[in-house]
Amino acid sequence: MHYDRKLDVQGLSCPLPILRTKKALSEMASGEILHVLATDPGSMKDFQAFAKQTGNELLSSAEIRQVFEYYIRRK
């Protein structure tokens, strides 16, 4: 999938992946896509809730070999 910026938060635990994602999205233009890599197992629920609360669109989420991958479109 095409993305405009990549954010690697592997090795960080809650709430740091969400906080860093929020900061990265704030620096992006509306409609741009952020690709996030995380290893926190709780991040799947966290990113779903974050997208719902902020209005940003969670385009996809997947787990590949214990790495969680998210694509988020900035509102």
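Everything that follows concerns the structure shown earlier in this document.
What you see as residue numbers is a count from 1 along each chain, following the sequence as written. pLDDT decides what is reported in this predicted model: residues at 70 or higher carry local features, side-chain atom pairs at 80 or more are listed and counted, and totals for whole chains, interfaces and linings draw on all residues regardless. Note: side-chain values were computed over all heavy atoms of the structure, leaving out hydrogens and water.

### A few points about unusual backbone geometry
Note the cut-off: Each helix is a run of DSSP H or I of at least 4 residues and each strand a run of E of at least 2, with the numbering of both proceeding from the N terminus.
A cis amide bond, omega 10 degrees, links C14 with the succeeding residue P15. In this fold, P15 is placed in the loop between β1 (5–9) and α1 (16–26). The residue R65 is not glycine, and still its phi comes out positive at about 50 degrees. Along the chain, the position of R65 falls in the loop between β3 (57–64) and β4 (67–73).

### Remarks on the pairing of β1
Regular strands place side chains that alternate from one sheet face to the opposite one. Put simply, the rule reads: By definition, two strands form a pair when at least two bridges between them are found by DSSP. By convention a crossover is right-handed if, when the strands point away from the viewer, the path from the first strand over the helix to the second runs clockwise.
With 5 bridges joining them, β1 and strand β2 (residues 33–38) adopt parallel strand pairing. Among the inter-strand pairings, K6 is bridged to a residue of β2, identified as H35. Regarding topology, α1 serves as the crossover connection from β1 to the parallel β2, and that connection is right-handed.

### A look at the nonpolar core
Put simply, the rule reads: For our purposes a nonpolar core is just a set of buried Ala, Val, Leu, Ile, Met, Phe, Trp, Tyr and Cys residues, chained together by side-chain atoms within 4.5 Å. Buried residues are those whose accessible area, probed at 1.4 Å on protein chains only, stays under 20% of the maximum for their type, while exposed residues exceed 50% and partly exposed ones sit between those limits. Two residues form a contact once any of their heavy atoms are found within 4.5 Å.
Counting 14 residues, the largest nonpolar core has L7, L25, L34, V36, F47, Y70 and I72 as its most contacted members. When contributions to this core are tallied by element, the ones reaching two or more residues are β1, α1, β2, α2 (43–54) and β4. With residues up to four places along the chain from it excluded, the contact list for L25 reads L34, F50, N56, I72 and R74.

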